[in-house]
Amino acid sequence: MGCILKLPERLMAAVNFIEQGAYVADIGTDHGYLPVYLALHGSARGIIASDISEGSLKTARQSAAKYGVAEKITFISAAGLDGIEKTDADTVVVTGLGGETIASILGDSPWIKRRNARLILQPQSKIGELCDFLRTNGYRALDARLAYDNGRFYVILLVVYGKTESEPDRKSEPEPEIEILSLLMHKRDPMFTSFLDTLIAKKRRVLENIEKANVPTPDNIRHKLAEYIELKEEYKNDYCK
């Protein structure tokens, strides 16, 4: 049909984690752009577009029809991972939702642990809460990357369920969110320092507002800011020589 689909950077970053020949389920597909992109490029052996909203699913079908790939995508109207268990999906993508919502979706679908699926997660907010959930429930991040899209940063996680071959001592591990930031730092993600500066600035604004309100400052906020600053210093010392 001559149509070219260009994905937003945050969705393109998620696509780059999808293996060739994967059976992909896009949860909360919205306009269906990610499934349509996969169908156009023939990189997946199966594609599911799922959304709790009938309106969004209708839009996703229209997107698929526009690009001539409607027959290559299975559309499911369901909440979270409902309707996915009986399929052969081995890769689950969840983008555009808050971290607590993504955690709830995974928590409501314990069967996903048995599936050994690759989870590609892009939380819109509350990254720390999602990271806490993942570790507490036995998930681990294989990789992470940053995307900058429409004036803001996004973290995209590649997650699986199960222990590493040599499970580390949990007591010696950093907090889950700091672990993800360290992963981004060690792989020298080109956006890492800018993203970390954004996190530091946000925490400082929170502290300033609390001080202006003349109320006690929660210790966890100061602690988190200190961790961010320590990580920035570590990056300078190890990678900026």
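Small disclaimer: the values here were computed from a predicted structure and weren't measured. (Residues numbered from 1 in each chain as written. Predicted model: local features only at pLDDT ≥ 70, side-chain atom pairs only at ≥ 80, totals over all residues. Heavy atoms only, no water.)

Asks: Would you mind going over the environment of Glu-234 with me for this structure?
Replies: Assignment of secondary structure puts Glu-234 in helix α9 (residues 219–239). Residue Glu-234 is classed as partly exposed on the basis of its relative accessible area, which comes to 30%. In this structure, Glu-234 is in contact with Met-185 and His-186, ignoring residues within four places of it in sequence. (Helix = DSSP H or I, 4+ residues; strand = E, 2+ residues; numbered from the N terminus. Buried < 20%, exposed > 50% of the residue type's maximum accessible area, 1.4 Å probe, protein only. Contact = heavy atoms within 4.5 Å.)

Asks: Help me out: how do you make sense of the packing of aromatic side chains in this one?
Replies: Each pair of aromatic rings is reported with the distance of its centres and the angle of its planes. Counted according to the given criterion, the structure contains five aromatic pairs. For the ring pair Phe-192 and Tyr-235, a centre distance of 5.4 Å and an interplane angle of 45 degrees mean the geometry is tilted. A residue pair is termed long-range when its members are at least 10 positions apart, and Phe-192 in helix α8 (residues 192–212) and Tyr-235 in helix α9 qualify at 43 residues. Of the two residues, Phe-192 and Tyr-235, both sit in the buried class. In this structure an aromatic cluster arises from ring pairing among Phe-133, Tyr-139 and Tyr-161. Here Arg-145 stacks its cationic end above the ring of Phe-17, 4.0 Å away from the centre of that ring. (Phe/Tyr/Trp six-rings, centres within 6.5 Å; stacked < 30°, edge-to-face > 60°. Lys NZ or Arg CZ within 6 Å of the ring centre and 35° of its normal.)

Asks: Explanation requested: the sheet that holds strand β4 (residues 91–97) in the structure shown.
Replies: Reading across the sheet, the seven strands line up as β3-β2-β1-β4-β5-β7-β6 and stay open at both edges, with mixed pairing between neighbours. Where the open sheet ends on each side, the last strands, each with one partner, are β3 (74–77) and β6 (139–149). Direction aside, neighbouring strands of the sheet carry axes that sit 20 degrees apart on average. Sheet topology note: the strand β2 (residues 44–51)/β3 ladder contains four bridges and is parallel. Of the residues in β3, the one forming a bridge with Ser-50 is Ile-76. Across the sheet, helix α7 (residues 176–186) lies against β6 and β7 (152–161), angled at about 65 degrees from β6, the strand it touches most. (Pairing = 2+ DSSP bridges. Axes fitted to C-alpha atoms, helices over the stretch in contact; angles between N-to-C directions.)

Asks: Can you walk me through the environment of Ile-84 in this structure?
Replies: Mapped onto the secondary structure, Ile-84 falls in the loop between β3 and β4. Residue Ile-84 is classed as buried on the basis of its relative accessible area of 0%. Each C-alpha atom of the pair Ile-84 and Ile-48 lies 8.5 Å from the other, and the pair is 36 residues apart in sequence. Not counting the four nearest positions on each side in its chain, Ile-84 is found in contact with Ala-25, Ile-27, Ile-48, Ser-50, Ile-76, Ala-89, Trp-111 and Arg-115.

Asks: Would you explain the pattern of salt bridges in this entry?
Replies: Should the charged atoms of two oppositely charged side chains come close, the side chains can pair. Enumeration according to the criterion identifies 11 salt bridges in this entry. For the salt bridge of Arg-118 with Glu-19, the shortest nitrogen-to-oxygen distance reads 3.5 Å. With Arg-118 in strand β5 (residues 118–123) and Glu-19 in the loop between α1 (9–15) and β1 (22–27), the pair connects residues that are 99 residues apart, well separated along the chain. Relative accessible area serves as the criterion here: at 18%, Arg-118 is assigned to the buried category. Across the pair Asp-90 and Arg-45 runs a salt bridge whose closest N-O atoms are separated by 2.9 Å. (Salt bridge = Lys/Arg side-chain N within 4 Å of Asp/Glu carboxyl O.)

Asks: So what exactly am I meant to see when it comes to the packing of helix α6 (residues 127–136) against α7 here?
Replies: At a minimum axis distance of 7 Å, the contact between α6 and α7 shows a crossing angle of 100 degrees. Looking at the two axes, α6 sits roughly perpendicular to α7. For the pair α6 and α7, the contacting residues are Gly-128, Cys-131, Asp-132 and Arg-135 in the first and Pro-176, Glu-177, Glu-179 and Ile-180 in the second. Classifying every residue of the contact of α6 with α7 gives three nonpolar, one polar and four charged. (Parallel < 35°, antiparallel > 145°, perpendicular 65-115°, else oblique. Nonpolar A, V, L, I, M, F, W, Y, C, P; charged D, E, K, R; others polar.)

Asks: Honestly, the confidence of the model for the protein in this entry has me stumped. Any pointers?
Replies: Where the model shows low pLDDT, its predicted coordinates should not be examined in detail. In the predicted model, the protein carries a mean pLDDT of 92, and 94% of its residues have values of at least 70. The lowest-confidence element of the protein is α9, averaging 91 in pLDDT; the highest-confidence one is β1, averaging 98. (pLDDT = per-residue confidence, 0-100.)

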